[in-house]
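Take a look at the letters that make up each chain.
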2 protein chains.
Amino acid sequence: MNIVLLSGGSGKRLWPLSNDIRSKQFIKIFKTEDGAYESMVQRVYRQIKTVDADATVTIATGKTQVSAIHNQLGEEVGISVEPCRRDTFPAIALATAYLVDIQGVDPEESVVVCPVDPYVDDDYFKALKELSGQADKGEANLVLMGMEPTYPSEKYGYIIPESEERTAAVKTFKEKPTAAVAEEYIRQGALWNGGVFAYKMKYVLKKAHELIDFTDYDDLFSKYESLRPISFDYAVVEKEENIQVMRFAGEWKDLGTWNTLTEAMEENVVGKGTMNGECSGVHIINEMDVPVLAMGLHDVVISASPEGILVSDKVQSSYIKPFVDELDQQIMFAEKSWGSFKVIDVESESLTIKVTLHTGHSMNYHSHKNRDEVWVVISGTGKTIVDGMTQSIKAGDVITMSAGCRHTVVAESELKLIEVQLGKEISVQDKQKFELEY
Amino acid sequence: MNIVLLSGGSGKRLWPLSNDIRSKQFIKIFKTEDGAYESMVQRVYRQIKTVDADATVTIATGKTQVSAIHNQLGEEVGISVEPCRRDTFPAIALATAYLVDIQGVDPEESVVVCPVDPYVDDDYFKALKELSGQADKGEANLVLMGMEPTYPSEKYGYIIPESEERTAAVKTFKEKPTAAVAEEYIRQGALWNGGVFAYKMKYVLKKAHELIDFTDYDDLFSKYESLRPISFDYAVVEKEENIQVMRFAGEWKDLGTWNTLTEAMEENVVGKGTMNGECSGVHIINEMDVPVLAMGLHDVVISASPEGILVSDKVQSSYIKPFVDELDQQIMFAEKSWGSFKVIDVESESLTIKVTLHTGHSMNYHSHKNRDEVWVVISGTGKTIVDGMTQSIKAGDVITMSAGCRHTVVAESELKLIEVQLGKEISVQDKQKFELEY
């Protein structure tokens, strides 16, 4: 099976664990059988590989997520990088061209497209494989997955099939309804539209060429910024006459808010947290080093990270986005393919950061115009290159770099250092990268 | 007026803002008229000086609070330092001896003793002055203040006076009752015992000599550790026949728990905090650099500091102590007379701290057996002395100190530095102090 996972969004609705560069799909919140924690994207990837070890997985995403994806899934996973956000039709067209032109997949083959962040069990991925098989048959140009509704939700669009058979032609689509209207749809046999579908790649490439003037993947990639944002539903699905829907009745949760996310968590406390006996329905997700103590709370989620602290009634947590938009805060931590960083002190003319570099990884060779820097190595071994001079480093070593000085560090074992930035105008934009000449 | 303020307690009931070395009375939580914040002890001290500019104020406390007191009240305030905790009778005897033998106060003068942490207005201190005046008259050996009860509290002992006059002889004392019994006491004209009283100093010195074999303050101080812990109520008050009570009907709040403390706060948010419109009765007290967002909560206190995060129903917050006892956490920050420190990163073989030194202050000249240290100056100016060598320092300077090396730093202007401690056995106990020879 070929599968494209759509990985988007800034993840503000799961603040403070998600931020502009760490989306919800990368939060390690689900306990695995061996006691470790995995993220949504790790869980989904593992499930796909369990059901179909040979599956070709491609993640369609923006460039800000590339390092987090490699960090969590390794280097083998395919990534179709969108140069900027242009909604789902350009993203799916680009990922399809990537599969055909870069990965060399036969355009006669089918591909399944689905969001990266459903909380599901293995049955779902078995159903995706059947969906792909149905697309292979060529009875229809597109085969949607229709989720059997469990309640008259106002959050989803509805698909009304021609018949009650497992696979049927689509009669019509309905926009997100009110609950009363949703009940009426369900009486007519309607299914939720979860944005999951399969098609033969040549079909979407043909649609893409009808709407966009391009030759191949590289050309499409280079023109991406000039494309008009348009959704795949609007550009393709709603206009297609020859379209089928396949029913799916297994577990399928949309984990977009703290309310639904905590429903899917096996444990009430992740990280350092204690609650007294008077708490009920409380979840603590704490990524800070200090403990959280909850007393006498009901149906509340507490989440703490270096970005901030959320304490919310679970239902109210759905309305978080405008408040997070207001915060306009500096990014305080990030996980990258090379390691991670965490801001540990902020002053008007200094910024102190803890940097962790994974074994074998290094920073870019770079300099800053307006700040000096000091590194204090706190663990691990490696080497620094400062203005072309290489030096071995270990815990306790100190490296000072004046503004303008070119520098990098290479980790020979996992390397942790405290970086103190000093200057009147400290900014993440103040970074010039250079080629390193050994 | 001579006044002794009893400042005790580890303040666990106001965790995480209070810890073993910062008690609740030092938390800057009350907004003053000029928009700054002051602590309980600062507020009480300011109020005393407003009512009686010439008042001699002595704080009876343990040595762990001395630097916080000087930091908040300056150097002039008198401090009677208890070498260890031995309950209120030895503490009051020591403070009285301190006033007579060290401060040179005439033992014929009266002194008022009261806790350091009531939340009261100026009327209370006017009443203390009258209490002192009543003790001056010599009609009784002890004059207690009796608070007019506002409800049948189970939290206080009760004083039953002989009459309803403003000042009356005490008929009897009652232990903390049930609410029903308290109602009966109140019908009999009982008053709350708030632990506030006045006496002529010679009276308490006489009682002290009856119970303890000592000559003067220095002798009592040197014997302090061998003294039997006993409360002033038990040793003196309950045994005294010639005792009066003076009524007080003004505002008087006991700020021992988050529930009562937040009642006394003028603002709902201190520090970075936001709440949505669905919150009611919520208080946020945030000493961290990152924002707190509260949504849909009712009658909840949220308090965050480098020690941890509390989220509690206000009534439940009274039961916090056993949970905090369980935490057994490293001290993460402290305010001292010389400045403050905050732990900003903890690793298995390193500890990173931000140190702030006030102008003119310095550390002890010291060394460590089992750790190296690195200082990175982030702001201010001063000088370091390392193994006898003096060096001027400014922002950006780096000082490295191997284990065994003697070092100190002197702040010429307010000085901030990042201290990285490196070693396999980092401990606050690993510190040898030396005399500095210039």
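On a predicted model such as this, the values are computed, not experimentally measured, just so you know. (Residues numbered from 1 in each chain as written. Chains lettered and ligands numbered in written order. Predicted model: local features only at pLDDT ≥ 70, side-chain atom pairs only at ≥ 80, totals over all residues. Heavy atoms only, no water.)

(A) Main features of helix α3 (residues 88–102) of chain B. Residue and element names in this part refer to chain B. In this model α3 runs 20 Å from its N-terminal to its C-terminal C-alpha over 15 residues, within 8% of the 21 Å that 1.5 Å per residue would give. Burial analysis of α3 places 12 of its 15 residues in the buried class, the great majority of the element. What α3 keeps buried is the set Phe89, Pro90, Ala91, Ile92, Ala93, Leu94, Ala95, Thr96, Ala97, Tyr98, Leu99 and Val100. Positive phi shows up at Gly104, right after α3, with a value of about 70°. (Helix = DSSP H or I, 4+ residues; strand = E, 2+ residues; numbered from the N terminus. Expected span 1.5 Å × (residues − 1). Buried < 20%, exposed > 50% of the residue type's maximum accessible area, 1.4 Å probe, protein only.)

(B) Summary view of the pattern of salt bridges. Under the defined criterion, the tally for this structure stands at 40 salt bridges over all chains. For Lys394(A), the salt bridge goes to Asp397(A), with nearest N and O atoms at 3.5 Å. Given a relative accessible area of 19%, Asp397(A) falls into the buried group. By sharing partners, the salt bridges in this structure join Asp345(A), Glu347(A), Lys354(B) and Lys416(B) into a single network. (Salt bridge = Lys/Arg side-chain N within 4 Å of Asp/Glu carboxyl O.)

(C) Highlighting the environment of Val346(B). Tracing the chain through its elements places Val346(B) in strand β21 (residues 339–347). C-alpha of Val346(B) to C-alpha of Met332(B): the two residues are 14 residues apart in sequence and 9.9 Å apart in space. Apart from the residues within four sequence positions on either side, Val346(B) is in contact with Lys354(A), Gln330(B), Met332(B) and Leu351(B). (Contact = heavy atoms within 4.5 Å.)

(D) Geometry of the interface of chain B and chain A. The interface is formed by 50 residues belonging to chain B together with 50 residues belonging to chain A. It is Leu293(B), Met295(B) and Ile309(B) in chain B that bury the most area against chain A; as a group they hold 17% of the surface buried on that side. At the surface where chain B touches chain A, the tally comes to six salt bridges. Summed over the shared surface of chain B and chain A, the number is 18 residue pairs in polar contact (both at pLDDT 80 or more). Looking at side-chain class alone, the side of chain B that touches chain A contains 32 nonpolar, 11 polar and seven charged residues. Pairing analysis gives four bridges linking strand β17 (residues 292–295) of chain A to strand β19 (residues 308–313) of chain B, with the strands arranged parallel. The residue of β19(B) that forms the bridge with Met295(A) is Ser312(B). (Buried area = accessible area lost by both parts, 1.4 Å probe. Polar contact = N/O pair within 3.5 Å; in protein donor to acceptor, adjacent residues only side chain to side chain. Nonpolar A, V, L, I, M, F, W, Y, C, P; charged D, E, K, R; others polar. Pairing = 2+ DSSP bridges.)

(E) Representation of the sheet that holds strand β14 (residues 269–270) of chain B. Strand order in the open sheet formed by six strands is β15(A)-β17(A)-β19(B)-β18(B)-β16(B)-β14(B), with mixed pairing between adjacent strands. Bordering the open sheet on either side are β15 (273–275) of chain A together with β14 of chain B, each of which pairs with just one other strand. Relative to β19(B), strand β18 (residues 300–305) of chain B runs antiparallel, the two sharing six bridges. Bridge pairing in β19(B) links Ala304(B) to Ile309(B).

(F) The nonpolar core, seen in detail. Ranked by internal contacts, the top residues of the largest apolar core, which has 64 residues, are Leu297(A), Ile302(A), Leu297(B) and Ile302(B). With near-sequence residues (within four places) excluded, Ile302(A) lies in contact with His283(A), Ile284(A), Ile285(A), Val292(A), Ala294(A), Leu297(A), Leu310(A), Val311(A) and Val311(B). Ranked by size, the runner-up nonpolar core spans 44 residues in total, among them Val51(B), Cys114(B), Tyr124(B) and Ala198(B). (Core = buried A, V, L, I, M, F, W, Y, C linked by side-chain atoms within 4.5 Å.)

(G) Representation of the sheet that holds strand β27 (residues 398–401) of chain B. Residue and element names in this part refer to chain B. If you walk across this open sheet you meet the six strands as β20-β21-β22-β29-β24-β27, and the pairing is antiparallel. Every interior strand has two partners, whereas the edge strands, β20 (333–336) and β27, have only one. Adjacent strand axes in the sheet meet at a mean angle of 20°, parallel and antiparallel pairs treated alike. When β20 meets β21, the two strands line up antiparallel, connected through four bridges. Counterpart to Lys336 in the pairing with β21 is Gly339. Relative to the sheet, helix α2 (residues 66–73) contacts β20 and β21, its axis offset from that of β20 by approximately 60°. (Axes fitted to C-alpha atoms, helices over the stretch in contact; angles between N-to-C directions.)

(H) The arrangement of the side chain of Thr32(B) in detail. Structurally, Thr32(B) is set in the loop between β2 (30–31) and β3 (37–38). For Thr32(B), the side chain forms a polar contact with the side chain of Asp34(B), separated by 2.5 Å.

(I) Inspection of the confidence of the model for chain A at higher detail. Chain-level pLDDT for chain A is 92 on average; 98% of the residues reach the 70-or-more range. As a predicted assembly, this complex carries a pTM of 0.78 together with an ipTM value of 0.77. (pLDDT = per-residue confidence, 0-100.)

(J) Region of the structure containing the pairing of strand β5 (residues 78–82) of chain A. Residue and element names in this part refer to chain A. Of all the five residues making up β5, four are buried; the element is thus mostly covered by neighbouring parts of the structure. Strand direction decides the pairing type here: strand β4 (residues 56–62) and β5, joined by five bridges, are parallel. Within β5, the residue paired with Thr61 across the bridge is Val81. A crossover links β4 with its parallel partner β5, the connecting element being helix α2 (residues 66–73), and its sense is right-handed. (Right-handed = clockwise from strand over helix to strand, strands pointing away.)

(K) Structural detail: the environment of Ile48(B). Residue and element names in this part refer to chain B. The residue Ile48 is located in helix α1 (residues 40–51) in this model. The class for Ile48 is buried, based on a relative accessible area of 0%. In the structure, Ile48 is positioned 342 residues away from Thr390 in sequence and 44 Å away in space, judged by C-alpha atoms. Apart from the residues lying within four places of it in its own chain, the contact partners of Ile48 are Met1, Ile3, Leu5, Ala55, Val57 and Phe125.

(L) Layout of α2(A). All names here are of chain A. The buried fraction of α2 amounts to seven of the eight residues, a majority that puts the element mostly inside the structure. The complete set of buried residues in α2 reads Val66, Ser67, Ala68, Ile69, His70, Gln72 and Leu73. Summarising the contacts, the buried residues of α2 are in contact with α1 (40–51), β4, β5 and β20 (333–336). Gly74 occupies a position one or two residues after α2 and carries a positive phi of about 90°.

(M) Representation of the packing of α3(B) against helix α6 (residues 201–211) of chain B within the structure. All names here are of chain B. Two elements in contact, α3 and α6, have axes separated by 9 Å at closest approach and are oriented at 125°. Judged by the angle between their axes, α3 and α6 are oblique. Handedness of the α3/α6 crossing: left-handed. Contacts between α3 and α6 involve Phe89, Ile92, Ala93, Thr96, Ala97, Leu99 and Val100 from the former and Met201, Val204, Leu205, Lys207, Ala208 and Leu211 from the latter. (Parallel < 35°, antiparallel > 145°, perpendicular 65-115°, else oblique. Left-handed = near helix turned anticlockwise from the far one by under 90°.)

(N) Layout of unusual backbone geometry. Residue and element names in this part refer to chain A. For the bond running from Trp15 to Pro16, omega is 5°, close enough to zero to count as cis. Mapping Pro16 onto the fold places it in the loop between β1 (2–7) and β2 (30–31). The phi dihedral of Asp387 is positive, around 45°, even though this residue is not glycine. On the secondary structure map, Asp387 appears in the loop between β25 (381–386) and β26 (389–394).

(O) Fine view of the packing of aromatic side chains. According to the stated counting rule, one finds 28 aromatic pairs over all chains in the structure shown. Where Tyr151(B) meets Trp192(B), the ring centres are 5.4 Å apart and the plane angle is 80°; that geometry is what we call edge-to-face. Highlighted residues: Tyr151(B) in the loop between β8 (142–147) and β9 (157–161) and Trp192(B) in strand β11 (residues 191–200), separated in sequence by 41 residues. Of the residues examined, Tyr151(B) reaches a relative accessible area of 40% and is grouped as partly exposed. These aromatic residues form a ring-pair network of at least three members: Phe89(A), Phe197(A), Tyr199(A) and Phe232(A). (Phe/Tyr/Trp six-rings, centres within 6.5 Å; stacked < 30°, edge-to-face > 60°.)

(P) Here's a closer look at the side chain of Gln244(A). Residue and element names in this part refer to chain A. Within the secondary structure, Gln244 is located in strand β12 (residues 243–248). A residue is classified by how much of its surface remains accessible, and Gln244, at 11% relative accessible area, is buried. Sequence-distant contacts of Gln244, defined by excluding residues within four places in its chain, comprise Gln134, Glu139, Ala140, Leu142, Val143, Leu144, Thr167, Ala168, Ala169 and Val170.

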